[in-house]
Amino acid sequence: MGPESLGPVFETARLRLRPRGRGDLAACLAMDREPETTRWIAGPWADPVAHEAFVRARIEAEHGEGLGYWVLAPREAPERFLGWVMLTPDGAGEIEIGWRLARAARGGGLATEAALPVARHGLGALGLPRLVADIMPGNAGSRRVAEKIGMRPRPGESPDPACLRHVLTAADLPGPTP
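As a starting point, this report considers the structure included with it. (Residues numbered from 1 in each chain as written. Predicted model: local features only at pLDDT ≥ 70, side-chain atom pairs only at ≥ 80, totals over all residues. Heavy atoms only, no water.)

### Some words on the overall build of the protein
- Tallying secondary structure elements over the protein gives five helices and eight strands in all.
- Relative to the globule expectation of 16 Å for 178 residues, the C-alpha radius of gyration of the protein, 15 Å, shows essentially globular dimensions.
- By the burial criterion, 48% of the 178 residues in the protein qualify as buried.
- Contacts in the protein between residues at least 24 apart in sequence constitute 60% of all its contacts with a sequence separation of at least 6.
- Of the roughly 8500 Å² that the protein leaves accessible, carbon and sulfur atoms contribute 54%. (Helix = DSSP H or I, 4+ residues; strand = E, 2+ residues; numbered from the N terminus. Rg over C-alpha atoms; globule rule 2.2 N^0.38 Å. Buried < 20%, exposed > 50% of the residue type's maximum accessible area, 1.4 Å probe, protein only. Contact = heavy atoms within 4.5 Å. Areas by Shrake-Rupley, 256 points an atom, 1.4 Å probe, with all protein chains shown as cover.)

In structure tokens form, the structure reads like this:
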């Protein structure tokens, strides 16, 4: 999905996930300015100009057919930004799934609820053999989300020695196989 894509939209019991677009830039920047949000993620968070360029480049990138970022919003308030879920190439031949939620949206299972339909999309509709997530061991929240969606840790597989790779296949997904 590229900028202003008409990619898939997902709905869950509480959320509506739509492709991220240029209009989401300010909300993404504000979320990233929360120190606990980017604590476990390397990036140009301390430099406002570099940070904006970084996020803008990801919003405008073409990630591939059916891939990209989806904004999480409450079904009853679709204009409210809660965070995003991504399915993007990792630069090493894998497709990475990831999630980032604003502080106010954490702790209620929303990341898991949002990640599941995106994972099912990747492993089902797109026919990907597996999804990966490289997570720092101290990032307990992200590790819990990975476990809840069925990801399994694979020590030694991450190209980043500071991270633990988690892998998801269709057989590992909770619920019906896509």
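### Digging into the packing of aromatic side chains
- Under the defined criterion, the tally for this structure stands at three aromatic pairs.
- Measuring from centroid to centroid gives 5.4 Å for Trp 45 and Phe 54, while their planes differ by 90°, and the two rings are edge-to-face.
- Judged by relative accessible area, Trp 45 falls into the buried class, the value being 16%.
- Of the residues examined, Phe 54 reaches a relative accessible area of 24% and is grouped as partly exposed.
- When the ring of Tyr 69 is compared with that of Trp 84, the centres are 4.9 Å apart and the planes differ by 75°; the resulting orientation is edge-to-face. Residue Tyr 69 is located in strand E3 (residues 68–74), and its partner Trp 84 is located in strand E4 (residues 83–89); the two are separated by 15 residues in the primary sequence. Residues Tyr 69 and Trp 84 agree in their burial class; the two are buried.
- Above the face of the Tyr 69 ring, Arg 20 is positioned so that its terminal group lies 3.8 Å from the ring centre. (Phe/Tyr/Trp six-rings, centres within 6.5 Å; stacked < 30°, edge-to-face > 60°. Lys NZ or Arg CZ within 6 Å of the ring centre and 35° of its normal.)

### Remarks on the side chain of His 63
- If you trace the backbone, His 63 turns up in the loop between helix H3 (48–60) and E3.
- You can call His 63 buried: its relative accessible area is 13%.
- At 3.1 Å, the side chain of His 63 and the backbone oxygen of Arg 58 are in polar contact. (Polar contact = N/O pair within 3.5 Å; in protein donor to acceptor, adjacent residues only side chain to side chain.)

### Focus: the pattern of salt bridges
- By the definition in use, this model includes 16 salt bridges.
- Here Arg 75 ties to Glu 11 by a salt bridge, and the two come within 3.1 Å at their closest N and O atoms. Placement of the pair is Arg 75 in the loop between E3 and E4 and Glu 11 in strand E1 (residues 10–11), with a sequence separation of 64 residues.
- What makes Arg 75 partly exposed here is its relative accessible area of 40%.
- A salt bridge links Glu 94 to Arg 165; the nearest nitrogen and oxygen atoms lie 4.0 Å apart. Note that Glu 94 is positioned in the loop between E4 and strand E5 (95–101) and Arg 165 in strand E8 (residues 164–168), a separation of 71 residues in sequence. In this pair, the class of Glu 94 matches that of Arg 165, namely buried.
- Salt bridges sharing partners connect three or more residues here, namely Asp 90, Glu 94, Arg 130, Asp 134, Arg 154, Glu 157 and Arg 165. (Salt bridge = Lys/Arg side-chain N within 4 Å of Asp/Glu carboxyl O.)

### Digging into the nonpolar core
- Ranked by size, the top nonpolar core spans 32 residues in total, and within it Leu 17, Ile 97, Trp 99 and Leu 131 carry the most contacts.
- Secondary-structure elements contributing two or more residues to this core are strand E2 (15–19), E3, E4, E5, helix H4 (110–125), strand E6 (131–135) and helix H5 (140–148).
- A per-element tally of this core places H4 first, with eight residues.
- Ignoring anything within four residues of it in the chain, the contact list for Trp 99 reads Trp 84, Val 85, Ala 111, Ala 115, Ile 135, Ser 142, Val 145, Ala 146, Ile 149 and Met 151. (Core = buried A, V, L, I, M, F, W, Y, C linked by side-chain atoms within 4.5 Å.)

### What to know about the side chain of Glu 113
- Structurally, Glu 113 is set in helix H4.
- Ignoring sequence-local partners within four residues, the contact set of Glu 113 consists of Thr 12, Ala 13, Arg 14 and Leu 15.

### Some words on the packing of helix H1 (residues 25–32) against H3
- Two numbers describe how H1 lies on H3: the axes approach to 10 Å, and their chain directions differ by 130°. The angle between H1 and H3 falls in the class oblique. Regarding H1 and H3, the two cross each other, and that crossing is right-handed. Residue-level contacts link Leu 25, Cys 28, Leu 29 and Asp 32 of H1 to His 51, Glu 52, Val 55, Arg 56 and Ile 59 of H3.
- For the contact of H1 with H3, the per-class residue count stands at five nonpolar, one polar and three charged. (Axes fitted to C-alpha atoms, helices over the stretch in contact; angles between N-to-C directions. Parallel < 35°, antiparallel > 145°, perpendicular 65-115°, else oblique. Left-handed = near helix turned anticlockwise from the far one by under 90°. Nonpolar A, V, L, I, M, F, W, Y, C, P; charged D, E, K, R; others polar.)

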